[in-house]
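So the chains spell out like this:
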Amino acid sequence: MEYKYYIDHILRRSLFYHYYKKLLEKTYKFSEEEMRNYKLKRLQKVILYSYKNVPYYNKLFDKIGICPEKINSLDELQKIPMMDKTIVKNNFQDLISKKCIGKLCKIETSSGTTGVPSKIMRDVHCVNFEQAALSRYWNKSGYNKERKVVLRGNDVVSSEIIEPPFWSINSIDNEMIMSSYHLTEKFSEIMIKKICEYKPKILYAYPSTAYLLAKIINKSNYNFTFDYIFTSSEMLMTNQRNFIENTFRCRIFDWYGQSERVSAISQCKDGHYHIVEDYSITELVETEFGQEVVGTTLFNYAMPLIRYRTGDIVEESKEKCKCGFKFRKIKSIKGRKISYIITNNGIYIPGNLLGSFLGKVDGIDEFQIIQEKKGEIVINIVINNSFKEDSIDFIKNDTNKRIGYDFKIFVKIMDKIPMGSNYKKSPFINKLMQNKKI
């Protein structure tokens, strides 16, 4: 296992990582004019590269009359039509750069938090830049490579394992990665003892798993704190934040992003969100539901995504932040609410732990998990021709492994998943909690 972590560390922090880290230390201090020039140069490079090497954009730019050599303003980005998950899915091969074949590139599957499983090709530049951007954010927040515990749905051990260890030590990155599937009442004593023994200063988690850990701590006789908590990958709800921060007596620093790496929003020391302007080109496009985040990648040459609609809704603030950040301020992030599944014993299981599994089942185009009764869920799925007949039994069995065999699982094949009022096809609907604060 340690060997695997070593390889992963090397790939994520190659020579490109150090180059991008130095670059981001400069761009962080840019004036508005310097930032515009920086974005324009990166955009010009991405558009020219895409035209020459990505079949989809070569056809598109010729069709709409875009001349890559004549992009002289960020405003010209508006001439390019927006794209979304469906376009990426239907044109996947044509969106892959001809130059990335055989190189250090990897297809990643999204966690499924939007209800539409998606794939994206990333190259070593994309991976290293992401690590550099996160490293800068963590360091600016106060992190200095202290020991941390990770609770982010990692497949550390099989969910069927009932004897510890339910964790793995990654000494290279000074962290203990724990199984989120074992963060239950049954194993709480073992998990908490191990955390206390490891003595981490940092918690890196989903908001939902950080919340569950806080609930377990509150019910126990243990009392420990972290110096910092870093969350990402889900929407952090106000009641979650308050409960977690009160329990561990420290601040949460939250990061918004997507598997497509087209936009990032981070939280400053004053608790306000800011668009990470040097990460990508982020547009806030007005829709009937609010301002949608539309992003253009500047560092993924394996599969450049230009004007990609994330489906996430935010609200921009025109006020200046006291923290001194020059980046645009975001009043609130309205998308990506995650729900929980409630067992017969009243245990709360984060919905994304099932979402990450369903997002990787062949033949599923969309899914939605609905709970109306304790100990019972309905999984609605939209399928394609790749879906196998025995996949329904596989889904039921694997779901039972994750949440318990006393659970009733109903799988329904549907023609489509209905759109929710928040402009998203909500992947998790828990009607038991609609009128409650969890």
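Residues numbered from 1 in each chain as written. Predicted model: local features only at pLDDT ≥ 70, side-chain atom pairs only at ≥ 80, totals over all residues. Heavy atoms only, no water.

J.: Before we move on, could you go through the overall build of the chain and cite the residues and values that matter?
T.: Looking only at helices and strands, one finds 11 helices and 20 strands in the chain. Within the chain, buried positions represent 56% of all 438 residues. Summed over its atoms, the accessible surface of the chain is roughly 21000 Å², and 50% of this surface lies on carbon and sulfur atoms. Taken as two groups, the 70 positive and 51 negative side-chain charges of the chain have centres that lie 3 Å from each other. (Helix = DSSP H or I, 4+ residues; strand = E, 2+ residues; numbered from the N terminus. Buried < 20%, exposed > 50% of the residue type's maximum accessible area, 1.4 Å probe, protein only. Areas by Shrake-Rupley, 256 points an atom, 1.4 Å probe, with all protein chains shown as cover. Lys, Arg positive; Asp, Glu negative; His and termini not counted. Charge placed at Lys NZ, Arg CZ, Asp CG, Glu CD.)

J.: Outline the sheet that holds strand S20 (residues 428-430), supporting the account with residue identities and numerical values.
T.: Taken together, the four strands give an open sheet; going across it, the order is S19-S18-S17-S20, and neighbouring strands pair in mixed fashion. What marks the edges here is a single partner per strand, and that holds for strand S19 (408-413) and S20. Strand-to-strand twist across the sheet, computed as the mean angle between neighbouring axes with direction ignored, equals 15°. In this structure, strand S17 (residues 364-373) lies alongside S20, joined through three bridges in parallel fashion. Following the sheet pairing, Gln 371 is matched in S20 by Asn 430. (Pairing = 2+ DSSP bridges. Axes fitted to C-alpha atoms, helices over the stretch in contact; angles between N-to-C directions.)

J.: So, helix H7 (residues 188-198): which residues are in play, and what are the values?
T.: Residues Ser 188, Met 191, Ile 192, Lys 194, Ile 195 and Tyr 198 constitute the buried set of H7. Each buried residue of H7 lies within a common arc of 160° when the element is viewed along its axis, so the set occupies one face. Those residues of H7 that are buried lie in contact with strand S3 (148-151), strand S4 (167-170), strand S5 (175-178) and helix H8 (207-219). Two residues or fewer after H7 comes Lys 199, characterised by a positive phi angle close to 60°. (Arc of directions from axis to C-beta. Contact = heavy atoms within 4.5 Å.)

J.: Can you tell me about the environment of Cys 268, naming the residues and giving the values?
T.: By the secondary structure assignment, Cys 268 is in the loop between strand S9 (265-267) and strand S10 (273-275). On a C-alpha basis, the gap between Cys 268 and Thr 231 in space is 13 Å, while along the polypeptide they are 37 residues apart. Every residue in contact with Cys 268, bar those within four places of it in the chain, is listed here: Arg 251, Phe 253, His 274, Cys 321, Cys 323 and Phe 325.

J.: Lay out the pattern of salt bridges with the relevant residues and their values.
T.: Charged atoms that come close allow side chains of opposite charge to pair. Scanning all chains against the criterion turns up 23 salt bridges. The residue Lys 106 makes a salt bridge to Glu 108 at a minimum N-O spacing of 3.7 Å. Classification of Lys 106 as exposed rests on a relative accessible area of 52%. One salt bridge connects Arg 307 with Glu 283, and the closest N-O pair in it is separated by 2.8 Å. With Arg 307 in the loop between strand S12 (290-297) and strand S13 (308-317) and Glu 283 in strand S11 (residues 280-287), the pair connects residues that are 24 residues apart, well separated along the chain. Both residues of the pair, Arg 307 and Glu 283, belong to the buried class. (Salt bridge = Lys/Arg side-chain N within 4 Å of Asp/Glu carboxyl O.)

J.: An account of a nonpolar patch on the surface is needed here, citing residue identities and associated values.
T.: Together, Tyr 3, Tyr 6, Ile 7, Ile 10, Leu 11 and Leu 104 line one region of the surface with nonpolar side chains, adding up to about 630 Å² of accessible area. With respect to the helices and strands, Ile 10 occurs in helix H1 (residues 2-12). (Patch = residues over 30% accessible without salt bridge, like charges linked within 9 Å, V, L, I, M, F, W, Y side chains within 5 Å.)

J.: Help me get a handle on the sheet that holds strand S8 (residues 252-256), residues and values and all.
T.: Sheet architecture is open: 12 strands sit in the order S4-S5-S3-S6-S7-S8-S9-S10-S14-S13-S12-S11, paired in mixed fashion. Edge strands, defined here as strands with exactly one partner in the open sheet, are S4 and S11. Neighbouring strand axes in the sheet, compared pairwise and without regard to direction, differ in orientation by 30° on average. Bridge count for S12 against S13 is four bridges, and the pairing is antiparallel. When the sheet's bridge partners are listed, Glu 292 is paired in S13 with Ile 313. H1 rests against S4 and S5 of the sheet, and its axis sits at about 55° to S4. Each of S3, S4 and S5 is contacted by H7, which is oriented at about 175° to S5, the strand it contacts most.

J.: Which residues make up the packing of aromatic side chains, and what values go with them?
T.: On inspection of all chains with the given rule, the structure shows 30 aromatic pairs. Here the aromatic rings of Tyr 137 and Trp 255 are separated by 5.4 Å at their centres, their planes lie at 45°, and the arrangement is tilted. Of this pair, Tyr 137 sits in helix H6 (residues 124-141) while Trp 255 sits in strand S8, and the two are 118 residues apart along the sequence. Given the relative accessible area of 7%, Tyr 137 is considered buried. Note on Trp 255: relative accessible area 7%, which makes it buried. Each ring, one from Phe 166 and one from Trp 167, has its centre 6.2 Å from the other, and the planes form 85°; the classification is edge-to-face. One exposure class covers both Phe 166 and Trp 167, and it is buried. In this structure, Arg 147 is placed above the aromatic ring of Tyr 198, and the distance from its NZ or CZ to the ring centre is 4.4 Å. Over the aromatic face of Phe 253 sits the side chain of Arg 251, whose NZ or CZ is 4.9 Å from the ring centroid. (Phe/Tyr/Trp six-rings, centres within 6.5 Å; stacked < 30°, edge-to-face > 60°. Lys NZ or Arg CZ within 6 Å of the ring centre and 35° of its normal.)

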